[in-house]
Every structure is written in structure tokens, then in C-alpha cells.
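Structure assessment
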Amino acid sequence: MKVGFIGTGTMGQPMVNNLLKKGFAVVGYDVAPAALEAALRLGAAPAGSAAEAAKQGDLVITMLPSSAHVESAYLGPGGVLEGVARGRICVDMSTIDPGTSRRVAARLRERGVRFLDAPVSGAVPRAVEGTLTIMVGGDARDLEEARPALAAMGTNVIHVGDVGAGEVAKLCNNLIAGVAMVAVSEAFRIAEGFGVDPKILTQVISKSSGSTWVMEHGHPVPGIVEKAASSRDYAPGFMTDLMAKDLGLAVNAARELRIPVAVAPAAQQLLRLASSHGFGRKDFSSVYRFLEPSSREAPV
Ligand code: NAD
């Protein structure tokens, strides 16, 4: 089976690599030449546009930054809709707003093309291992058809509900992960201020009620978790700007539903501030770097 893979960036590259390793042929496309070249080095064939990649693929996969990119890659000039054949399945694995997934799905349906939203959790290390969690919205039979390709990239492929439901699950997860990272960063800054060894604090928290996945795997303090982005000068990983976007998706969804949310917007604003101070393209654990104490002369 040949997969048309559109968006061969940070996540797309290891995902393409796993598809190739599991015997799929891949034809790749990315607007950024460096990202496309990286996919070609892995063994993908090149396409000159999203339409061309979609035309050549038996299955189309997209892994793009945000809702606007997905909308334009599917519906814009040279987009998927121009190339994809009737009856094909398109799987969008980007993290975007569920409303955009539904809109794109509706436009594809008019042409007899099927659509699944299938965002992922696990970031780069699990994309590399092929052990992503993939949460899927759309028709269950379409998922069964696409499952072999998804299983090449992830170990937990979960059907959540109709189109858009995968994105809902993803934004709920990232609301928790984004807020937790800010909380862990604040806690470790306080401990540091009191001279408590962050390694010992990590030991304590990992056996206590504050234990969280982001601390265990993506510790914001360098040198504690070897695999964490903080131990590589916060090279992403998962960029601050992307997490700020995801918290924004959660906040927007809550606003539409008239659900009060207090901590998600606070975490989002902190990540935005971190971004405007140069941490936008660093891993989102760099919010810890941003949360430096004021000078000792500052009034308390
Ligand atoms: P990225 O910016 O590294 O990669 C996205 C790629 O899409 C880029 O190479 C970009 O040039 C390309 N692109 C943009 N518009 C395009 C278009 N119209 N046609 C073709 N290519 C286009 O981002 P990423 O980290 O790979 O993330 C992709 C998605 O996955 C995002 O929605 C993100 O929120 C989600 N995600 C990322 C991680 C992570 O750890 N990086 C984890 C889980 C989910």
C-alpha cells in the first residue's frame, strides 16, 4: 500500500520512517524543502504538491501544525481535494479544532472521499519508537481499513466517536498536560529557591500524589530525565507554540460550550509569554526557564 504523507516535519519524519520500516511505500510532500528532503533521505518518494501526494496514495495522511494549515492543505489550491480519488480515506493526524475536522470531512464527503481525524499523543520519542497513542474520530469501518497504517505508527489506536471526537480527546489530554507542565515548573522553581535538590524532590513527588506523566517523562529541570527535552537545551519535543495552540483549542471549545475554565487560560497565557520571550520553538518544558525568580531586591 502506498501512503501519500503530507507534512513531514518533527513528527511526520519518524512516522514516515515507521511506515517505511513496516513495508508501506510513502510519497511525501511538505511546503518546507528541508522537511521534504529529510523524508526523502528516509526513503520516501517526492510529490510536488499535496494534490499530487494525495493522487498517488492509496491512503492519505496529513500531519500539519494547525487548523489553518489543514484547511489550506485539503481545500486550498493544489490541495488534497484536487488530487484524491473517490472512495479513498484521508487521515488527518494533526492536532486541530474539531470544527475544522468536521468541515473538511464534509467537503471531502461531497466528493465521495472518507475522512478520519486521528491526532496523536506521545511526542517525538514515541513517534520514533512507533508507540504513539492515536485517538480516532470517524466511521469505525473506515478506521478498520486504515488501521494497518496507523498500527505502524502507534500501539494504542482508540476509536473515540464520530468525526471530530479524536480531536476532542486530544485537546482534553493536552489541557491536562499543558497545565501540569506549568504546575511542575512552578513547584520546582519554589523548591530550588529553598535549596531543595530537584533530584530528591523528583523522587518524592514520583511516589506522591503530585506525580504526573509530564514530570516523569518530560521533566522541565535539565539533567534529571535523560530523554527529556530539558536535557538537550529544550530542543523539541513538543514546541511551546504548539502547546499554547492546543490550550487555546481547549479554551475555545469550553467557551463555545459555556463551560467555565480557569487554569487552562492561565497556562496558555504563560506559554504565550514564554513564546514572546524566545521560547516559542523550544520544547514547552522551557516554560520552567521562563519562570525565573525576580531579583532579591524586588519587594515581596
Ligand atoms: P512541525 O511544524 O514540525 O511539522 C509540520 C510540517 O507541516 C512542517 O514541516 C510544515 O512545513 C508542514 N506544512 C505546513 N503547511 C503545509 C502544507 N500546506 N502542505 C504541506 N506541508 C505543510 O510540527 P510537528 O511537531 O510535526 O506537529 C504536527 C502536528 O502534530 C501539530 O498539530 C502538533 O500539535 C501535533 N503533535 C505534535 C507533537 C510533538 O511532540 N511535536 C506531539 C503530538 C502532536
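All values reported here derive from a predicted model rather than from experimental measurement. (Residues numbered from 1 in each chain as written. Predicted model: local features only at pLDDT ≥ 70, side-chain atom pairs only at ≥ 80, totals over all residues. Heavy atoms only, no water.)

Overview of the pairing of strand β6 (residues 114-117)
Judged from the 4 bridges that link them, strand β5 (residues 89-92) and β6 form a sheet pairing that is parallel. Each bridged residue has a counterpart across the sheet, and for Asp-92 the counterpart in β6 is Asp-117. Where the polypeptide runs from β5 across helix α6 (residues 98-110) and back to β6, its parallel neighbour, the crossover connection is right-handed. (Pairing = 2+ DSSP bridges. Helix = DSSP H or I, 4+ residues; strand = E, 2+ residues; numbered from the N terminus. Right-handed = clockwise from strand over helix to strand, strands pointing away.)

Overview of the pattern of salt bridges
Evaluation of the coordinates by the stated rule reveals 9 salt bridges. For Arg-147, the salt bridge identified is with Glu-144, shortest N-O distance 3.0 Å. With a gap of 3 residues between them, Arg-147 and Glu-144 both fall in helix α8 (residues 140-153), about one helical turn apart. Judged by relative accessible area, Arg-147 falls into the partly exposed class, the value being 27%. Taking relative accessible area as the criterion, Glu-144 reaches 45% and is therefore assigned partly exposed. (Salt bridge = Lys/Arg side-chain N within 4 Å of Asp/Glu carboxyl O. Buried < 20%, exposed > 50% of the residue type's maximum accessible area, 1.4 Å probe, protein only.)

Thoughts on unusual backbone geometry
For the bond running from Pro-236 to Gly-237, omega is 15°, close enough to zero to count as cis. Of note, the phi angle at Arg-258 is positive, near 60°, even though the residue is not glycine. With a relative accessible area of 75%, Arg-258 lands in the exposed category.

So, the domain arrangement of the chain
Each domain of the chain was delimited in the assignment, giving domain 1 (2-162) and domain 2 (168-290). Counting residues at the interface gives 16 residues for domain 1, matched by 12 residues for domain 2. In this assembly, domain 1 packs against domain 2 so that about 1,100 Å² is buried in total across both faces, 68% of it on carbon and sulfur atoms. Looking at the side of domain 1 facing domain 2, the largest losses of area belong to Thr-95, Pro-98 and Met-135, adding up to 34% of the total buried there. For the pair domain 1 and domain 2, the interface holds 1 salt bridge. For Glu-129, the salt bridge goes to Lys-227, with nearest N and O atoms at 3.3 Å. (Domains from an automatic or database assignment. Contact = heavy atoms within 4.5 Å. Buried area = accessible area lost by both parts, 1.4 Å probe.)

Some points on the site of the ligand
Neighbouring the ligand are 26 residues, the closest being Thr-10, Met-11, Asp-30, Pro-65 and Thr-95. The contact in question runs from an oxygen atom of the ligand to an N or O atom on the backbone of Leu-64, over 3.0 Å. If the ligand stood free it would expose 830 Å²; the protein chains cover 91% of that surface. Elements supplying a minimum of two residues to the shell around the ligand: α4 (67-75), α7 (123-129) and α12 (240-256). With 3 residues, the single largest contributor to the shell around the ligand is α4. (Near = heavy atom within 4 Å. Polar contact = N/O pair within 3.5 Å; in protein donor to acceptor, adjacent residues only side chain to side chain. Areas by Shrake-Rupley, 256 points an atom, 1.4 Å probe, with all protein chains shown as cover.)

Re a nonpolar patch on the surface
A cluster of nonpolar residues, Ile-190, Phe-194 and Val-196, forms a patch on the protein surface that exposes about 340 Å² of accessible area. On the secondary structure map, Ile-190 appears in helix α9 (residues 165-193). (Patch = residues over 30% accessible without salt bridge, like charges linked within 9 Å, V, L, I, M, F, W, Y side chains within 5 Å.)

Description of the nonpolar core
Core analysis: the largest hydrophobic core is formed by 31 residues, its most contacted members being Phe-5, Leu-19, Val-91 and Met-93. Those elements that provide at least two residues to this core are β1 (2-6), α1 (12-21), β4 (59-62), β5, α7, β8 (132-137) and α8. Not counting residues up to four positions away in its chain, the partners in contact with Phe-5 are Gly-12, Met-15, Val-16, Leu-19, Val-26, Val-27, Gly-28, Tyr-29, Ile-61, Met-63 and Met-153. The next biggest cluster of nonpolar side chains, apart from the first, holds 26 residues, and it includes Ala-177, Met-181, Phe-284 and Tyr-288. (Core = buried A, V, L, I, M, F, W, Y, C linked by side-chain atoms within 4.5 Å.)

Digging into α8
Given 3.6 residues to a turn, an α-helix orients residues that are three or four positions apart in the same direction. Look at α8: 19 Å from first C-alpha to last across 14 residues, which is about the 20 Å you get at 1.5 Å a residue. Of all the bends in α8, the greatest, near 55°, is centred on Arg-147, and the proline Pro-148 appears no more than four residues after it. Looking only at α8, the buried set comprises Asp-142, Leu-143, Ala-146, Ala-149, Leu-150, Ala-152 and Met-153. (Expected span 1.5 Å × (residues − 1). Bend = angle between axes of the 7 residues up to and from the residue.)

Examining the packing of α4 against α6
At a closest axis distance of 10 Å, the pairing of α4 and α6 adopts a crossing angle of 5°. The angle between α4 and α6 places the two elements in the roughly parallel class. Counting all contacts with α4, which are made through Ser-67, Val-70, Glu-71, Tyr-74 and Leu-75, the residues of α6 involved are Thr-100, Arg-103, Val-104, Arg-107 and Leu-108. Residues belonging to the contact of α4 with α6 are distributed by class as follows: 5 nonpolar, 2 polar and 3 charged. (Axes fitted to C-alpha atoms, helices over the stretch in contact; angles between N-to-C directions. Parallel < 35°, antiparallel > 145°, perpendicular 65-115°, else oblique. Nonpolar A, V, L, I, M, F, W, Y, C, P; charged D, E, K, R; others polar.)

With respect to the packing of aromatic side chains
Scanning the model with the defined rule gives 2 aromatic pairs in all. An angle of 75° between the planes, with centres 5.9 Å apart, marks the rings of Tyr-74 and Phe-115 as edge-to-face. Highlighted residues: Tyr-74 in helix α4 and Phe-115 in strand β6, separated in sequence by 41 residues. When sorted by exposure, Tyr-74 lands in the same class as Phe-115, which is buried. Relative to Phe-284, the ring of Phe-238 lies with its centre 5.7 Å away and its plane at 80°, an arrangement referred to as edge-to-face. Of this pair, Phe-238 sits in the loop between α11 (213-218) and α12 while Phe-284 sits in the loop between α13 (263-279) and α14 (287-290), placing them 46 residues apart in sequence. Here the guanidinium or amino end of Arg-189 rests over the ring plane of Tyr-288, the centre of that ring lying 4.0 Å away. (Phe/Tyr/Trp six-rings, centres within 6.5 Å; stacked < 30°, edge-to-face > 60°. Lys NZ or Arg CZ within 6 Å of the ring centre and 35° of its normal.)

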